[in-house]
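# Structure at a glance
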Amino acid sequence: MNAMNDSLGETHTSGSHGERAAIFRGARGSENVGPTLIPLRSPLQPPNAHHNKTSPAASMLFKGNSVEFAPLQVIKVYSEDNTSRAVEVPSDITARDICQLFILKNHCVDDHSWTLFEHIPHLGIERTIEDHEPVMEVQSSWGMDSHCCLYFRKNYAKYEFFKKPLDFFPEHMVSVSSETNGVMNHSQLIQTFLSSSSCPEIHGYLHAKEHGRKSWKKFYFVLRRSGLYFSNKGTSKEPRHLQFICEFSESEVYTLLNGRKVYSAPTDYGFCVKASKSNAARDLKLLCADDEQTRTCWVTAMRLFKYGMQLYQNFIQPYQKQKSSPMRSISENSLVAMDFSGHKSRVIENPSEVLSVAVEEGLSWRRKSCHRLSSHGSPSTTHSSMSNIAIHVAQPWFHSKVSRDEAQKLITQHGLIDGLFLVRDSQSNPRTFVLSLCHTQKIKHFQIVPVEESGELFYSLDDGHTRFTDLLQLVEFYQLNRGVLPSKLKHHCARITL
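On a predicted model such as this, the values are computed, not experimentally measured, just so you know.

Let us now look at the overall build of the protein. Counting secondary structure elements, the protein contains 14 helices and 21 strands. The buried share among the 498 residues of the protein stands at 47%. Considering only residue pairs separated by 6 or more positions, the protein has 57% of its internal contacts joining residues 24 or more positions apart. As displayed, the protein offers around 26,400 Å² of accessible surface, 52% of which is attributable to carbon and sulfur atoms.

Here is the structure:
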């Protein structure tokens, strides 16, 4: 293994990163100059933030006894519904800082999944901007007419591989040093990627687009710390058979948004490696996997090889802040269940009684909501149909008239982790709804069927065996119980407006 790495390292450094594969050969694009940004006061800027009189585009930084001024610039950030807001920020602001700013101003729940994305429409690609990356450096690589933009949305899978690495790195795709005898637990596997002394390797078949042609060809690829290679002789990993393609110090990995249409990709699971200072399509190293799990494995490994321990620091930083600020846990521990039904209030200590009271309160709330709506509704509107409108329409997980393809795209954008879901109207049957759920990086769709009995309408996922008076009750049940589903409902897809 060491001899092979040494040999590949020499191939990598000779010439211009060694002998590049013919399928990826192309002219190097010229370096693009980033756009000039004109400072303006943003609606997101805190009211107590003041500009320096002598430098209107500057923010004060206190270092010791001196005061320094960091230049301010304007960035525009989009949400999933394509609304946007411009914000004036210091030139050294990171992606995490921008996310925190929008979380604060939009009153979002900070569950550590909010992410900034780089979207390059003329190439049809996008990527997660890592939390530590300076955003102005990302923008500086954009061309004047490229229409590149930043998106603010959730990505639940951003650091999920630290929690469940064996789910992200299938055993048949990963090779590590012989010290572990091929048997690894979760922590050992991720440690091999974070440690510079270990030599993990990702290998398997990928489709690659031949330069200057529309055709794709399947090759056996090998990913190491030194870069990405493919074998020109089957699955051979001998140095003489491995062709160097690229390394990651000056490159980023992106996913293809519509690879079949734009690049004639053989599957929907395309990705690419792009040089940081080039926005030319001819310089992209286009690749395509046969399934989502394979693509996720390659993309995640490339991120780890590029950033290493920095990604782990990004992952643990929010949790370290939580530990240092115990105020939330103190307030939660102070909550008790109270009964105000009698002449005197009392603390409910029996857990079973607490649960029954909570259920009764929920049902009471539903009845009141339905009564309010029915009293303001039209005479022709039934109490049952009105209750259906009352409960689910305002819920953040309900997406109304979203198609099957749009639902899959929305879930994919939020990160393919178990339990990610949304509820939508059925396109084939206007009386029913559909639960779209992610499990094992695959999106499955379950029809929610209305069941009528004695003039009352119920909803069910299992042909009427388990019935619910409304969609909210159904979702709440499956958030606590897996039932007929492959996993519990854990995270919902929600759209925000900036």
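As a further point, take the environment of Cys 149. Structurally, Cys 149 is set in strand 6 (residues 149-154). Those residues in contact with Cys 149 that sit more than four places away from it in its chain are Tyr 78, Phe 117, Glu 118, His 119 and Trp 142.

The next thing to look at is the packing of aromatic side chains. Within the structure shown, the criterion is met by 22 aromatic pairs. A centroid spacing of 5.1 Å and a plane angle of 50 degrees characterise the contact between Phe 468 and Phe 477, whose relative ring orientation is tilted. Clustering of aromatic rings is evident, with ring pairs tying together Tyr 159, Phe 161, Phe 162, Phe 168, Tyr 312, Phe 315 and Tyr 319. Its guanidinium or amino end placed over the ring of Phe 117, Arg 153 lies 3.9 Å from that ring's centre, counting from NZ or CZ.

This part takes up the pairing of strand 9 (residues 216-224). Most of strand 9 sits inside the fold, with seven of its nine residues counted as buried. The sheet contact formed by strand 8 (residues 201-209) and strand 9 spans eight bridges and is antiparallel. The residue bridging Leu 206 from the neighbouring strand is Phe 219, located in strand 9. Adjacent in sequence and paired antiparallel, strand 8 and strand 9 are bridged by six residues, among which Gly 212 carries a positive phi angle near 80 degrees. With five bridges joining them, strand 9 and strand 10 (residues 227-231) adopt antiparallel strand pairing. Paired with Val 222 across the two strands is Tyr 229, which belongs to strand 10. The turn joining strand 9 and strand 10, which pair antiparallel and follow one another in sequence, is formed by two residues.

Close approach of charged atoms allows side chains with opposite charge to pair. According to the stated counting rule, one finds 17 salt bridges in the structure shown. Close ionic contact of Asp 111 with Lys 154 constitutes a salt bridge, the shortest N to O distance being 2.7 Å. With Asp 111 in the loop between helix 2 (95-105) and strand 4 (114-120) and Lys 154 in strand 6, this residue pair connects regions lying 43 residues apart in the sequence. Given a relative accessible area of 7%, Lys 154 falls into the buried group. The residue Glu 118 makes a salt bridge to Arg 127 at a minimum N-O spacing of 2.9 Å. Accessibility assignment for this pair places Glu 118 and Arg 127 in one class, buried. One network of salt bridges, in which partners are shared, links Glu 118, Arg 127, Glu 133, Glu 252 and Lys 306.

The strand order 20-19-18-17-21 describes an open sheet built from five strands, whose pairing is mixed. Because the sheet does not close on itself, it has two edges, and the strands there are strand 20 (456-460) and strand 21 (491-492). For strand 17 (residues 420-425) and strand 18 (residues 433-439), the ladder comprises five bridges, and the chain directions are antiparallel. Bridging across to strand 18, Phe 421 finds its partner in Leu 437. Most of the contacts of helix 13 (residues 404-413) go to strand 17, to which it runs at about 155 degrees, and overall it touches strand 17, strand 18 and strand 19 (442-453).

The tendency in soluble globular proteins is for nonpolar side chains to be buried as a group. The biggest cluster of nonpolar side chains holds 38 residues, and the ones touching the most others in it are Phe 169, Ile 202, Phe 221, Leu 228 and Trp 298. The contact partners of Ile 202, leaving out residues within four places of it in the chain, are Phe 169, Met 173, Val 174, Phe 193, Phe 221, Val 222, Leu 223, Cys 297, Trp 298 and Ala 301.

Okay, the confidence of the model for the protein next. Here the protein averages 79 in pLDDT, while 71% of its residues score no lower than 70. Confidence drops under a pLDDT of 50 for residues 326-334, and excluding neighbours within four residues, the segment shows zero contacts in the predicted structure. Here residues 370-387 is a poorly scored stretch, pLDDT under 50, and it has eight contacts once near neighbours within four places are set aside; other chains count.

A separate point is the pairing of strand 11 (residues 242-246). The element strand 11 is largely enclosed, with a buried count of four among its five residues. Pairing between strand 10 and strand 11: four bridges, direction antiparallel. Pairing of Ser 231 across the sheet is with Leu 242, part of strand 11.

Quick look at the state of the cysteines now. Per the stated rule, a full pass over the model turns up zero disulfides. Considering cysteine sulfurs only, Cys 148 is the nearest to Cys 149, which forms no disulfide, with 7.3 Å between them. What makes Cys 149 buried here is its relative accessible area of 12%.

Looking now at unusual backbone geometry. Its identity is not glycine, yet Ser 400 carries a phi of approximately 50 degrees, on the positive side. With respect to the helices and strands, the residue Ser 400 is situated in the loop between helix 12 (383-392) and helix 13. Take Ser 400: its relative accessible area is 31%, and that puts it in the partly exposed class. Although it is not a glycine, Gln 441 adopts a positive phi angle of roughly 60 degrees. Along the polypeptide, Gln 441 turns up in the loop between strand 18 and strand 19. Taking the relative accessible area as the measure of exposure, Gln 441 reaches 9% and is therefore buried.

Let's shift gears to helix 2. Taken together, the buried positions of helix 2 are Ala 95, Arg 96, Ile 98, Cys 99, Leu 101, Phe 102 and Ile 103. Phi for His 107, located one or two positions after helix 2, is positive at around 55 degrees.

To continue, consider the packing of helix 6 (residues 186-194) against helix 8 (residues 292-307). Contact geometry for helix 6 and helix 8: axes closest at 8 Å, N-to-C directions at 50 degrees. What the angle tells us is that helix 6 and helix 8 run oblique. Here helix 6 contributes Ile 190, Phe 193 and Leu 194 to the contact with helix 8, which in turn contributes Ala 301, Leu 304 and Phe 305. Of the residues belonging to the contact of helix 6 with helix 8, the class tally is six nonpolar, no polar and no charged.

The rules we used
- Residues numbered from 1 in each chain as written.
- Predicted model: local features only at pLDDT ≥ 70, side-chain atom pairs only at ≥ 80, totals over all residues.
- Heavy atoms only, no water.
- Helix = DSSP H or I, 4+ residues; strand = E, 2+ residues; numbered from the N terminus.
- Buried < 20%, exposed > 50% of the residue type's maximum accessible area, 1.4 Å probe, protein only.
- Contact = heavy atoms within 4.5 Å.
- Areas by Shrake-Rupley, 256 points an atom, 1.4 Å probe, with all protein chains shown as cover.
- Phe/Tyr/Trp six-rings, centres within 6.5 Å; stacked < 30°, edge-to-face > 60°.
- Lys NZ or Arg CZ within 6 Å of the ring centre and 35° of its normal.
- Pairing = 2+ DSSP bridges.
- Salt bridge = Lys/Arg side-chain N within 4 Å of Asp/Glu carboxyl O.
- Axes fitted to C-alpha atoms, helices over the stretch in contact; angles between N-to-C directions.
- Core = buried A, V, L, I, M, F, W, Y, C linked by side-chain atoms within 4.5 Å.
- pLDDT = per-residue confidence, 0-100.
- Disulfide = S-S within 2.5 Å.
- Parallel < 35°, antiparallel > 145°, perpendicular 65-115°, else oblique.
- Nonpolar A, V, L, I, M, F, W, Y, C, P; charged D, E, K, R; others polar.

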